[in-house]
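# Examination of the molecular architecture
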Amino acid sequence: MRWSRAFIPTLRDDPADSDAVSHKLLLRGGFMRQVGAGLWSLLPLGVRVVRRIERIVHEEMRAIGAQEFFLPTLHPAELWKQSGRWDKIDETLFRLRDRKRSEMCLAMTHEEVFTAIARDEIRSYRDLPQIWYQIQTKFRDELRPKAGLLRGREFQMKDSYSFDLDWEGLERSFEIHAAAYEKIFERVGIAAFRVEASSGAMGGSESCEFISYSDAGEDWVVTCRGCDYAANLEKANSALVPVEEPGSAGAPERFPTPGIRTIEALEQFPGGAPAAKQIKSLVYCTSEGPLLLLVRGDDELNEVKAIDATGDTQLRPASDEEIRAALGASAGSLGAVGVTDLPVYVDQALRGRSGMTTGANEDGFHLRSVDVERDVPEIRWADLRTVREGEPCAECGKPLEVRRAIEVAHIFKLGLFYSESMGATVLGREGKEVPIVMGSYGIGITRLVSAVAEACHDELGLVWPASVSPFDVIVTPVRTKDEAQERAAEELYASLREAGLEVLLDDRDERPGVKFKDADLIGVPLRLTVGPRSLAKGKVELQERQTAAGSEIPLEDAVEEVRRRVQR
RNA sequence: CGGGGCGUAGCGCAGGUGGUAGCGCAUCGGCUUUGGGAGCCGAAGGUCGUCGGUUCGAGUCCGACCGCCCCGACCA
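This one's a predicted model, so the numbers in the text were calculated from it and none came from an experiment.

## Structural notes on the overall build of chain A
The secondary structure content of chain A amounts to 16 helices and 31 strands. In terms of its C-alpha atoms, chain A occupies a principal-axis envelope of roughly 95 × 65 × 50 Å. Counting across all 568 residues of chain A, residues that qualify as buried make up 52%. Accessible surface for chain A amounts to roughly 25700 Å². Of this, 48% is attributable to carbon and sulfur atoms.

## Topic: helix α1 (residues 21–28)
Taken across its 8 residues, α1 has 6 buried, putting it largely inside the fold. For α1, every residue scored as buried is listed here: Ser22, His23, Leu25, Leu26, Leu27 and Arg28. Summarising the contacts, the buried residues of α1 are in contact with β1 (32–36), β2 (39–42), α12 (445–455), β25 (457–458), β26 (461–462) and α14 (512–522). Positive backbone phi, at 75 degrees, marks glycine 30, one or two positions downstream of α1.

## A closer look at the packing of aromatic side chains
Per the counting criterion, the structure on display carries 13 aromatic pairs. Measuring from ring centre to ring centre gives 4.7 Å for phenylalanine 114 and tyrosine 161, while their planes differ by 40 degrees; the resulting arrangement is tilted. Here phenylalanine 114, found in helix α5 (residues 111–121), pairs with tyrosine 161, found in strand β8 (residues 154–164); they are 47 residues apart in sequence, far enough to count as distant. This pair shows no difference in class: phenylalanine 114 is buried, exactly as tyrosine 161 is. Between tryptophan 132 and phenylalanine 163, the ring centres sit 4.7 Å apart and the planes meet at 50 degrees, which makes this aromatic pair tilted. With a gap of 31 residues between them, tryptophan 132 in strand β7 (residues 130–139) and phenylalanine 163 in strand β8 connect regions that are remote in the sequence.

## Focus: the state of the cysteines
Two cysteines, two sulfur atoms, one covalent bond between them: this is a disulfide. Under the criterion given, the structure shown has 0 disulfides. Of all cysteine sulfurs, the one in cysteine 393 lies closest to cysteine 227, which takes part in no disulfide; the gap is 3.7 Å. For cysteine 227, a relative accessible area of 26% gives the class partly exposed.

## Brief notes about the domain arrangement of chain A
What the domain assignment reports for chain A is domain 1 (3–236 + 402–454), domain 2 (253–382) and domain 3 (473–566). Computed from C-alpha coordinates alone, the two centres of domain 2 and domain 3 are separated by 68 Å.

## Comments concerning helix α13 (residues 483–498)
The terminal C-alpha atoms of α13, which comprises 16 residues, lie 22 Å apart, in line with the 22 Å expected from a rise of 1.5 Å per residue. Considered for burial, the residues of α13 that qualify are Gln485, Ala488, Ala489, Leu492, Tyr493 and Leu496. Projected down its long axis, α13 shows its buried positions confined to an angular sector of 135 degrees, all on one face. Projecting away from the buried face of α13 at angles above 90 degrees are the exposed residues Glu483, Glu491 and Glu498. Lining the buried residues of α13 we find β27 (473–477), β28 (503–505), β29 (526–530), α15 (532–535), β30 (539–544) and α16 (558–566).

## Quick notes on the pattern of salt bridges
Counted by the stated rule, this structure contains 43 salt bridges. Where arginine 153 meets aspartate 141, a salt bridge forms, and the shortest distance between an N and an O atom there is 3.4 Å. Linking arginine 153 in the loop between β7 and β8 with aspartate 141 in the loop between β7 and β8, this pair joins segments that are 12 residues apart in sequence. You can call aspartate 141 partly exposed: its relative accessible area is 25%. Of the charged contacts in the structure, one is a salt bridge between arginine 296 and aspartate 298, with a shortest N-O distance of 2.9 Å. A relative accessible area of 16% places arginine 296 in the buried class. Aspartate 298 gets classed as partly exposed once you look at its relative accessible area, which sits at 25%. Taken together, the shared-partner salt bridges in this structure form one network comprising Arg55, Glu59, Glu60 and Arg187.

## A few points about the nonpolar core
Among the nonpolar cores identified, the biggest contains 60 residues, and Tyr181, Phe185 and Trp464 are the most heavily contacted of them. Of the residues forming this core, the biggest block, 8 residues, is contributed by helix α6 (residues 167–188). Built from parts of two domains, this core gets at least three residues from each of domain 1 (3–236 + 402–454) and domain 3 (473–566). Setting aside residues no more than four positions away along its own chain, tyrosine 181 makes contact with Met61, Lys158, Ser160, Phe210, Ala409, Ile411, Tyr441, Gly442 and Ile443. Formed by 27 residues, the second largest nonpolar core is a distinct cluster that contains Leu71, Trp80, Ala107 and Met422.

Parameters at a glance
- Residues numbered from 1 in each chain as written.
- Chains lettered and ligands numbered in written order.
- Predicted model: local features only at pLDDT ≥ 70, side-chain atom pairs only at ≥ 80, totals over all residues.
- Heavy atoms only, no water.
- Helix = DSSP H or I, 4+ residues; strand = E, 2+ residues; numbered from the N terminus.
- Buried < 20%, exposed > 50% of the residue type's maximum accessible area, 1.4 Å probe, protein only.
- Areas by Shrake-Rupley, 256 points an atom, 1.4 Å probe, with all protein chains shown as cover.
- Contact = heavy atoms within 4.5 Å.
- Phe/Tyr/Trp six-rings, centres within 6.5 Å; stacked < 30°, edge-to-face > 60°.
- Disulfide = S-S within 2.5 Å.
- Domains from an automatic or database assignment.
- Expected span 1.5 Å × (residues − 1).
- Arc of directions from axis to C-beta.
- Salt bridge = Lys/Arg side-chain N within 4 Å of Asp/Glu carboxyl O.
- Core = buried A, V, L, I, M, F, W, Y, C linked by side-chain atoms within 4.5 Å.

Here you go:
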């Protein structure tokens, strides 16, 4: 490609509407432009990067025997009602009606369509296993799109689905996907690794995320310095330090706490208690009605853990009115002692605790000397608390670390969730119908673009790994008007292309400084500079973007040298 | 949805107390220049987010709406 004829609208200044580095650089480098909140046009340079990532993904998918499909993105509501997700998912699902007033939606993933095909076409266990995939546009009406391609409302995703006869088969499909993903990230050039995750609204038993550390990320990931434990904060746990409690002598004792409505206030209050000796009682509403969640006073509830524990994706904090209707008191005076008419989920950290202080379900009163297991009826134990930095690892006891990360992929053991709701069964060996055991495996293609940009840049601009760079090499004549330079650059351009390389020839009539800055900004890994200094010796300068290390090489060796370094 | 910020030329911004819009960069023409975002001369480019109101007069004041960004909540 000749730069003079290419559409590469680079910007000198950072656009005001950007915060994340990847966002700024992709904008400045002319890779993309914004259309609306969470909606992006990919420009030619951006498309080149996406295509290269896609190619790697295709190759690794085919390597595990996955077959590519092309499915609609516009789905009839009926399909989503069959799986139950039509009602289960909130406003995140884009819904619309067609001219006949039929309900439709724009797919956020493709479990329903794939499961329907499997249901309609696969009859026998002999047809299993299958792995099907596609790379297509997904839609999600995110509450807050952000950071450019990192979280859009319309984005590209590779999603694959495995169909197995049994759980052992699912295990195999799951692991070959995980292995394929590791290869993909290695080839794409980022350090991404696997962590335990919550399945959230997807249903299914187990899931793993692949994450790439970045301050621009939205996930918090917990890792252990001592062993290989790694989990999303929504899933992570730590070693609970067992607490020996003397055991409360007497029954809970009610005492007045006028105006005391917070954990902190109760700590200060004469006759109160330190946060660790309090019970935080939270009322949440589900589709089935209100329930109580208890964590220790100094712990934070993790709502995703609460969703996992209760199995209700509609879970939300109760309003003041709902709280009063459920317990007869306001937030700040709530407790679970003697509560029998709502389900009570209790965090593990409260196991065996006594001498605790909690609200009395009467404004202005609390209870002390509460023994959790003795005084709270019908406890449902659960992991509800949020792990904190520095807590001991549950596996090895070493301190845990909490860092920000980008979720670049998420893989799920769906199990029977979709096959049972949608009736996807096969005849097994014994001639009995059994539901297909499914898995689903997503990898964000456009998100990967920004994840790579986050990981691969410096103060001058992007530094693409050779595998995903929009071009393999850029040829920069210092002076286009100089006949010798122009001829040498043209010849290099032709022979590099001849050698099958993607080449950008900066034939613009610009000052060298401009060309160098632009080349650095768009991040092409190799630059061949054709200038008077070396050309006089029959040489060109080869410079690596990443290290800025340059060397003079004979003109006739340039193609071979570039090819060697690109190693494709 | 809660909190905060912003909307004026392609990009970044300025326009006390109302008087008909400007700067830098980019763009176009010319000359000079040419190894890390050159200089000079000239030119082009604006429904000031939208609608309504106040006023002789609104970029500026008032109201409503729309859009975008950030924090939080939320999220395969």
